[in-house]
Amino acid sequence: MSRFVCGHGRRQLGSVLLAGLLLGGCSSGVPGLPWGRGGDPTQVSDAPPGGALQPGNNFIVNAVNKVGPAVVRIDTVRRVVNPLGGLFGSGPSIQQQQGQGSGFITRSDGVILTNAHVVEGASEVGVTLPDGRSFRGKVLGGDPVTDVAVVKVAAAGLPVAPLGDSSKVRPGEWAIAIGNPLGLDNTVTAGIISAVQRTNAVGEGQRVPYLQTDAAVNPGNSGGPLINERGQVIGINTAIRQAPGAGLSFAIPINLGRQIAAQILEKGRASHPYIGVRLQALTPQLAREVNATNAECRLPESNGVVVVEVMPGSPAARGGLRTCDLIEQVGNAAVDNPSEVQVAVDQGRVGQPLAVRVQRGQRQLNLQLRPAELPRQN
């Protein structure tokens, strides 16, 4: 039994009644309870305030403040032909499709980098800065191979995003994404660099060694910057892979983006070398199957990349590359899969000698190829 004062009378209360009274509360002082000390009964918390965060101590805030003003929203309009337009009341023959993405200003006179798929086929391009200013943009060129595009607006004195060096990026470093996902302007997310040199991120045969990050990226982030903790752009957000409960995103390394953008600014398009082969990732199991069924090919039972076709008249054919050759090195880069071969070839120059080391049967050969211009897709 417990004795305490509740109201004007003193009573002896059983434990069950006491519990109910404690849950209901008393209107006057109860020893040991906070409202018995004469405090404000409407006060939500009496915890002491925490210490104030000193300005400039949050590196993410500092990085975003440095780059954020240069991150833009890109709105596009595409005019597409409706094959049933005008028939049976099915709508106009020309329809408009609206799209949205992100980009970032790299030159104060209005040069903007974004993804090629953001502005592909756009008849109208609008660019909006975080401060509310809007401009009409002109697409100077886009490269579907790397998904890099350059947009220009007529302006001067615009804020610019400083560019970093993506060759120095390492897994585990901070990664911060800024953009306009799902129509939500000026969104910031953060994570880490999960991997570098992801040549198989969005399928085999890619020419981009993507940066992989776990920073949240969604539709609308495309073309926006991935930045480091120093407020430097290290990549252009371009692709996502989603799975239940998780998601990964990939960015074009800014060194490659800078290279492609420079070609677009100079010539209106990007140039890519090619050698003209069809490649296959080799495994010990595949090698055993080929050796058992193809008398012309004797492949080592190991992992690697094998030539399965050489196009007639191609740089590879002229340079002496043959079907069944196992490619070990392109230029100065050792290669283990078809995507790594593509990336290494893309780092060469059209018409300039490119060293390729192959294993042919029991022999190791050093070939000299001269890549040609990759035909542009219509």
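Right above here is the structure, for reference.
Small disclaimer: the values here were computed from a predicted structure and weren't measured. (Residues numbered from 1 in each chain as written. Predicted model: local features only at pLDDT ≥ 70, side-chain atom pairs only at ≥ 80, totals over all residues. Heavy atoms only, no water.)

Draft legend 1. Broad picture of the environment of Gln197. Structurally, the position occupied by Gln197 is in strand 10 (residues 187-198). Residue Gln197 is classed as exposed on the basis of its relative accessible area, which comes to 53%. Sequence spacing of Gln197 and Val343 is 146 residues, and the spatial spacing of their C-alpha atoms is 9.7 Å. (Helix = DSSP H or I, 4+ residues; strand = E, 2+ residues; numbered from the N terminus. Buried < 20%, exposed > 50% of the residue type's maximum accessible area, 1.4 Å probe, protein only.)

Draft legend 2. Highlighting the nonpolar core. One finds Ile112 and Val127 to be the most contacted residues of the largest nonpolar core, which totals 42 residues. Discounting chain neighbours no more than four positions away, the residues touching Val127 are Val72, Arg73, Ile112, Arg133, Ser134, Phe135, Gly137, Val151 and Val153. (Core = buried A, V, L, I, M, F, W, Y, C linked by side-chain atoms within 4.5 Å. Contact = heavy atoms within 4.5 Å.)

Draft legend 3. Representation of a nonpolar patch on the surface in the model. On the surface, Phe59, Trp174 and Ile192 cluster together into a nonpolar patch covering about 250 Å² of accessible area. Relative to the helices and strands, Phe59 resides in helix 2 (residues 59-67). By relative accessible area, which is 31% here, Phe59 ends up partly exposed. (Patch = residues over 30% accessible without salt bridge, like charges linked within 9 Å, V, L, I, M, F, W, Y side chains within 5 Å. Areas by Shrake-Rupley, 256 points an atom, 1.4 Å probe, with all protein chains shown as cover. Salt bridge = Lys/Arg side-chain N within 4 Å of Asp/Glu carboxyl O.)

Draft legend 4. Main features of the pairing of strand 10. Where strand 9 (residues 174-179) lies against strand 10, 6 bridges are found, and the strand directions are antiparallel. In the strand pairing of strand 10, Trp174 is matched with Ile192. Of the pairings in the sheet, the one linking strand 10 to strand 11 (residues 210-213) comprises 3 bridges and is antiparallel in character. Among the inter-strand pairings, Arg198 is bridged to a residue of strand 11, identified as Tyr210. (Pairing = 2+ DSSP bridges.)

Draft legend 5. Structural detail: the packing of aromatic side chains. Counted under the stated rule, the structure contains 2 aromatic pairs. Their ring planes at 65° and their centres at 6.3 Å tell us that Tyr210 and Phe250 sit as a pair that is edge-to-face. One end of the pair, Tyr210, is in strand 11; the other, Phe250, is in strand 14 (residues 246-253), with 40 residues separating them in the sequence. For Phe250, a relative accessible area of 2% gives the class buried. (Phe/Tyr/Trp six-rings, centres within 6.5 Å; stacked < 30°, edge-to-face > 60°.)

Draft legend 6. Just the state of the cysteines, in detail. Tallying each qualifying case throughout the model produces 1 disulfide. Here Cys297 connects covalently by a disulfide to Cys324, the sulfurs 1.4 Å from one another. One quick way to see it: the torsion about the S-S bond of Cys297 and Cys324 is about -55°, and its sign makes the bridge left-handed. Pair noted here: Cys297 is in the loop between helix 5 (284-293) and strand 17 (304-310) and Cys324 is in the loop between helix 6 (315-318) and strand 18 (326-330), with a separation of 27 residues, a long-range link. Residues Cys297 and Cys324 agree in their burial class; the two are buried. (Disulfide = S-S within 2.5 Å.)

Draft legend 7. Main features of the side chain of Ser314. Topologically, Ser314 is positioned in the loop between strand 17 and helix 6. Among the polar contacts listed, one links the side chain of Ser314 to the backbone oxygen of Met311, at a separation of 2.7 Å. When near neighbours in sequence (up to four residues on either side) are disregarded, Ser314 contacts Ile275 and Gly276. (Polar contact = N/O pair within 3.5 Å; in protein donor to acceptor, adjacent residues only side chain to side chain.)

Draft legend 8. View of the pattern of salt bridges. This structure, assessed with the given rule, holds 12 salt bridges. Of the charged contacts, one joins Asp75 and Arg73 as a salt bridge, the two residues approaching to 2.8 Å between their closest N and O atoms. A salt bridge links Arg288 to Glu301; the shortest N-O distance between them is 3.5 Å. Taken together, the positions of Arg288 in helix 5 and Glu301 in the loop between helix 5 and strand 17 put the pair 13 residues apart, joining distant regions of the chain. Look at Arg288 and you get partly exposed, because its relative accessible area is 37%. What makes Glu301 partly exposed here is its relative accessible area of 48%.

Draft legend 9. Inspection of the pairing of strand 9 at higher detail. Most of strand 9 sits out of view: 5 of its 6 residues are buried. One ladder, built from 2 bridges, connects strand 9 with strand 12 (residues 225-227); its direction is antiparallel. Residue Ala177 lies in a different strand from strand 12, and its bridge partner there is Leu226.

Draft legend 10. Molecular detail of helix 5. For helix 5, every residue scored as buried is listed here: Ala287, Val290 and Asn291. One face of helix 5 carries all of its buried residues, which in axial projection span an arc of 95°. Of the residues in helix 5, the exposed ones pointing more than 90 degrees away from the buried face are Ala292 and Thr293. (Arc of directions from axis to C-beta.)

Draft legend 11. Seen up close, helix 4 (residues 254-267). The terminal C-alpha atoms of helix 4 lie 20 Å apart, and with 14 residues this matches the ideal 20 Å at 1.5 Å per residue to within 8%. The set of residues buried in helix 4 consists of Ile254, Leu256, Gly257, Ile260, Ala261, Gln263 and Ile264. At the exit of helix 4 stands Gly268, carrying a positive phi of roughly 85°. (Expected span 1.5 Å × (residues − 1).)

Draft legend 12. Unusual backbone geometry, seen in detail. Positive phi values are uncommon outside glycine, yet Asp147 reaches one of about 65°. Along the chain, Asp147 falls in the loop between strand 7 (134-143) and strand 8 (148-153). The class for Asp147 is buried, based on a relative accessible area of 13%. Of note in this structure, Cys324 is not a glycine but carries a positive phi near 85°. Looking at Cys324, the relative accessible area reads 14%, which means it is buried.

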